[in-house]
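Understanding the architecture of this molecule
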Amino acid sequence: MINPREVANKSNPENLHKAIKMSLDIESEAVKRNVQTFNLNHYSAIGKIEDYDLLKDHARKLKEYSIENLPELLAKLESSIKLNGGHFYLAKDAKDACDYILKICLLYKAELVVKGKSITSEEIKLNHVLEAGGIEVAETDLAEFILQYSGEQPSHIVGPAIHQSRERISKLFKEKFNPGIPLETGEELTKFARTKLREKFLTADIGITGANFIAADTGSIALVESEGNIRLCYTLPPVHVALAGIEKVLPSINDFGTFLELLAPSGTGQPLTSYTSIIRPPLSLPLYPFNKKKNNKREFYLVLIDNGRMKMRNDPILHEALYCIRCGACLNACANFQSVGGHAFGGETYSGGIGGAWETGTGKLENARFSELCTGCSRCVPQCPVKIDIPWLNEILHQRLNEKEKLKYSFIFKGLLPKDNLNEKANLQKLFLGNFYHFAKWGSRFPAISNKMQRNRPVRILLEKFLGLSRERMLPAFTNKTLVKHYQKLGLSLLKKSDTGRKVLLFADIYTNYLYPARGIAAIKVFNDLGINLTLGEVIPDGRAALSQGLIVAASKRAQLIVQYLNQWIEKGYDIVVIEPSVLAMFRRDYKHFIKDEELFIKIKNHSYEPFEYLKKLLIEENINPNQIFDIKKLSDHKLFYHSHCQQKTIGAADQTIELLQKLGFNVITSQVECCGMAGSFGYKKDFYEVSMRDAEDLFKQIQTAGDKDNILVLAGGISCKDQISEMGYDVIHPLELLAKILVS
Amino acid sequence: MNNSKIILQFIDTAQKAGATVEEINSSPGVLYDSLVKSISDSKNIIMSEPQYIPSHLFKYFEQKINVVKQPNAEQMSSAEVGITDAFAGVARTGSVCISINSNMSSYISLLPRKHIVILESKNIVLRPRDIFDQYISKKPLEQSGWIFISGPSATADMGELVRGVHGPDKLHIILLD
């Protein structure tokens, strides 16, 4: 069996593959159970915060200010700590910090150190240095206690051992401790650890904690926990060492309130954890001679580390990662993380969506290869309390990793690519997938041949070998008549007199056009019946496919062209309707990184609509009763299962579909998953096919529970979701196709 | 939100966090009854000197029950029950606020298996930020700080939620009106 430490260094791609396999086989069940619980609890906790959005804005601004003014804040903090009677040290790197802390231990002739949970101490590998110096280190956080004996690295920023099931922990404890008492239930295991560790707390010479937040004005520290071990670490021993990254510093103790109201709800779904300590060390609190040694006065050391953070601060992309308050919400919301946990979707120390930036910043870029498990589904985005654009961070990391790739065959390939790829450097697979539209143009000219080829087994094996596309996955079929061709035929016969005076440009996204024109035809029919003057636009690549593969330059070029194109239509009084949700999300979210003119970006954003979003607006503003346009009785079955596309949910364009369907009288069951796991090309890649299918398991179960193929109609707005759900043999249509079927006319 | 709503919310959230809560009239006799019931048959009871609750309310209790007010190391580490007061409560989170200073509440609320805390209901505020606002701007900052205690100690690391880890496994809150 592989110990996760053996595959912790994933700069080697084989390690990533092994780690994924190991996680899926052994850790997946425990990870999913724990992490999905956090995620569910998160939603109900933040539902109780009435000013959640304002709070996030405020937290974001505080972090921007703090990182911007970090040198000044550090200077202020140093004088506050010293004024309080404490010691302050700013270590430049891991070695510096470890050496300094070892020096403290030797100064006080420490034999035993008790430690609270500190991911930062894992980052600098503190325990190795102290133990090599002859000091006993007792990890007191239960998860860290477990890891100390299992020899693994943390698999989650907040719950480092959530990959371990109770059965495995029980087996581990019995092996290591030979206890002679039953250790089966959670209670028995916990009581055992409590008894074992209480003695350590009472006799320890030094207590080492992290620090969740640090106030420069008073020299106060906030410490967040539920077990009580951190309180014991700073209260009992005479010497307290707090270790933290420099990014933890905030201007004032007053700022703690904002962050504490966000941290626990975001991370574990609790209003506050059991103990939140606001301390100003060294404490003026008497010491107890528990360990019968001389009752010294209290000493406090604040050890801050740089270890790459100042460099992150100067990096135009990585500096946003410094705002992170380590709540873990982005881990919990991520379908891929839920399936594999941090031993696959993580590096030596940091894991999850935000982990790649941290491993890069405190280590090296190659260690962030696991960030390929970020698909850009964006479900983490609304959950981040400081509004970090996590997918964007990872997309840039993908670009930077691409630039380091050793390229095979790509030079042959380059001639086949569109010109906006001239400056792109990436492997064959990414160049192919990022320029999908270009190959789709050819594939759709000869659909019979191309479809037959991609179903041919030897061809599938070649595609797997050269492009890394899994042979297990049926590739989408090209239509024999693109949407554009359909429209050219339909167009004139459908044009009615415009009743509403509204003009809509239906954006001809490449997925609808080349793979799934039926939903486009449905859109044309429905909008036409509602008296809207609808025009089908040109087929222009939007950049989503390129962005997903880290082809940032190509994505940016495409964005510029699209924005100009759309602007022309908006100027003529058109609203833009986009069927493919991943493309709409480009316009409304991702384009902000590519369009320098903020006003222009906002203009495009405000004029782009998901079809049902537009319909809702139309029905309200024109005071139309939907039951006059659509007749539910035209269908015999009224039971629907609707799966919302991930990016569509994030931009707030999913609920309108459910609302309208319910208004029309349908019984709508909705999926309760963050993402189906297909995520564009992700599920097609042979390296990620298994993760993708593991992600889909929950969705498949929910659909099966809702009904059989014959008695339930499954609807999905995104083409990826349709492809994924098709793997279970159910038919999937776009909600627009349903509307088109029940038009009164 | 008026005071009675705040108190109701506090009781609800404190219970959800795993604490037990009772509301009593502010009198020495009633407080005595509550404390005795809560202690049941535990031995080795330690108590911090009240700072935020009028000390006369404890007179019956201290007269009749053997409570150690200035525990030595042995008494502190073997105590079964610790009794402290709290300077505030937070309704949104079900928290009681214990100050860290020379009255030993930091130890007494941490080492024993059961922690009983007495709080005046008029000192319950709505949100954590209100504690920062009130106790920093209006009163001098508690000398070394304070702790928001929200329920007994707990962990989810063992596969299910377990209450009682390194800190107390029972938290009982007595609210004085």
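Residues numbered from 1 in each chain as written. Chains lettered and ligands numbered in written order. Predicted model: local features only at pLDDT ≥ 70, side-chain atom pairs only at ≥ 80, totals over all residues. Heavy atoms only, no water.

1. Brief notes about the overall build of chain A
Each helix and strand in chain A was counted, giving 35 helices and 18 strands. Projected onto its principal axes, the C-alpha positions of chain A cover 95 × 55 × 50 Å. Within the span of chain A, comprising 745 residues, buried residues form 65% of the whole. Restricting to contacts in chain A with at least 6 residues of sequence separation, those with at least 24 account for 77%. As displayed, chain A offers around 28,200 Å² of accessible surface, 53% of which is attributable to carbon and sulfur atoms. Between the averaged position of the 96 positive side-chain charges in chain A and that of its 86 negative side-chain charges there is a distance of 3 Å. (Helix = DSSP H or I, 4+ residues; strand = E, 2+ residues; numbered from the N terminus. Buried < 20%, exposed > 50% of the residue type's maximum accessible area, 1.4 Å probe, protein only. Contact = heavy atoms within 4.5 Å. Areas by Shrake-Rupley, 256 points an atom, 1.4 Å probe, with all protein chains shown as cover. Lys, Arg positive; Asp, Glu negative; His and termini not counted. Charge placed at Lys NZ, Arg CZ, Asp CG, Glu CD.)

2. Some remarks on the environment of A:Met586
All names here are of chain A. Counting through the fold element by element, Met 586 comes out in helix α27 (residues 581-588). Sequence-wise, Met 586 and Gln 647 are 61 residues apart; in three dimensions their C-alpha atoms are separated by 9.2 Å. Excluding its chain neighbours within four sequence positions, the residues that come into contact with Met 586 are Asp 542, Gly 543, Arg 544, Leu 547, Tyr 591 and Phe 594.

3. Comments concerning the sheet that holds strand β18 (residues 732-733) of chain A
All names here are of chain A. With respect to topology, four strands assemble into an open sheet ordered β16-β15-β17-β18, the strand pairing being parallel. Two strands bound the open sheet, and with one partner strand each, they are β16 (667-670) and β18. Taken together, the two bridges between strand β17 (residues 713-716) and β18 define a ladder with parallel strand orientation. Bridge pairing links Val 714 to Val 732 in β18. Lying over the sheet, helix α32 (residues 655-663) contacts β15 (639-643), β16 and β17, oriented at roughly 155° with respect to β16. (Pairing = 2+ DSSP bridges. Axes fitted to C-alpha atoms, helices over the stretch in contact; angles between N-to-C directions.)

4. Re the interface of chain A and chain B
On the side of chain B, 49 residues touch chain A, which itself brings 60 residues to the contact. For the pair chain A and chain B, the summed buried area comes to about 4,700 Å², and 57% of that belongs to carbon and sulfur atoms. Of all residues in chain A, the largest losses of buried area upon contact with chain B belong to A:Arg194, A:Arg231 and A:Tyr288, amounting jointly to 16% of the total for that side. At the junction of chain A with chain B, the criterion picks out seven salt bridges. Taken together, chain A and chain B are joined by 30 residue pairs in polar contact (both at pLDDT 80 or more). When residues in the side of chain A that touches chain B are grouped by element, the largest group, 10 residues, is from helix α9 (residues 186-203) of chain A. (Buried area = accessible area lost by both parts, 1.4 Å probe. Salt bridge = Lys/Arg side-chain N within 4 Å of Asp/Glu carboxyl O. Polar contact = N/O pair within 3.5 Å; in protein donor to acceptor, adjacent residues only side chain to side chain.)

5. As for the sheet that holds strand β9 (residues 275-279) of chain A
Taken in spatial order, the eight strands make up an open sheet running β8(A)-β5(A)-β6(A)-β9(A)-β9(B)-β6(B)-β5(B)-β8(B), and their pairing is mixed. Both edges of this open sheet fall to β8 (249-250) of chain A together with β8 (124-125) of chain B, since each of them pairs with a single strand only. Those strands touched by helix α11 (residues 256-267) of chain A are β5 (213-215), β6 (221-225), β8 and β9 of chain A, and its axis lies near 170° from that of β5(A).

6. A short note on unusual backbone geometry
Going from A:Pro281 to A:Pro282, the amide bond is cis rather than trans, its omega being 0°. Of note, A:Lys125 is a non-glycine position whose phi angle comes to about 55°, a positive value. Looking at where A:Lys125 falls in the secondary structure, it is placed in the loop between α5 (119-123) and α6 (126-132). Its identity as a non-glycine residue notwithstanding, B:Asn44 has a phi of 50°, on the positive side. Relative to the helices and strands, B:Asn44 resides in the loop between α2 (28-39) and β2 (45-47).

7. Quick word on the pattern of salt bridges
Counted under the stated rule, the structure contains 52 salt bridges over all chains. The closest approach of N and O atoms between A:Glu674 and A:Arg379, which form a salt bridge, is 2.9 Å. Here the residue A:Glu674 occupies a position in the loop between β16 and α33 (689-706), and A:Arg379 occupies one in the loop between α15 (355-362) and α16 (390-402), the gap between them amounting to 295 residues. Accessibility assignment for this pair places A:Glu674 and A:Arg379 in one class, buried. One salt bridge in this structure joins B:Lys69 and B:Glu49, with 3.3 Å as the shortest N-O distance. With B:Lys69 in the loop between β3 (67-68) and α4 (73-78) and B:Glu49 in the loop between β2 and α3 (59-64), the pair connects residues that are 20 residues apart, well separated along the chain.

8. Examining the domain arrangement of chain A
Taken domain by domain, chain A holds domain 1 (49-310), domain 2 (410-467) and domain 3 (483-741). Here the C-alpha centroids of domain 1 of chain A and domain 2 of chain A sit 51 Å apart. (Domains from an automatic or database assignment.)

9. Thoughts on the packing of aromatic side chains
Taken as a whole, this structure holds 34 aromatic pairs over all chains when the rule is applied. For the ring pair A:Phe290 and B:Tyr107, a centre distance of 6.4 Å and an interplane angle of 55° mean the geometry is tilted. Of the two residues, A:Phe290 is situated in the loop between β9 and β10 (299-305) and B:Tyr107 in helix α5 (residues 105-108); the pairing between them involves two chains. Each of the two residues, A:Phe290 as well as B:Tyr107, counts as buried. (Phe/Tyr/Trp six-rings, centres within 6.5 Å; stacked < 30°, edge-to-face > 60°.)

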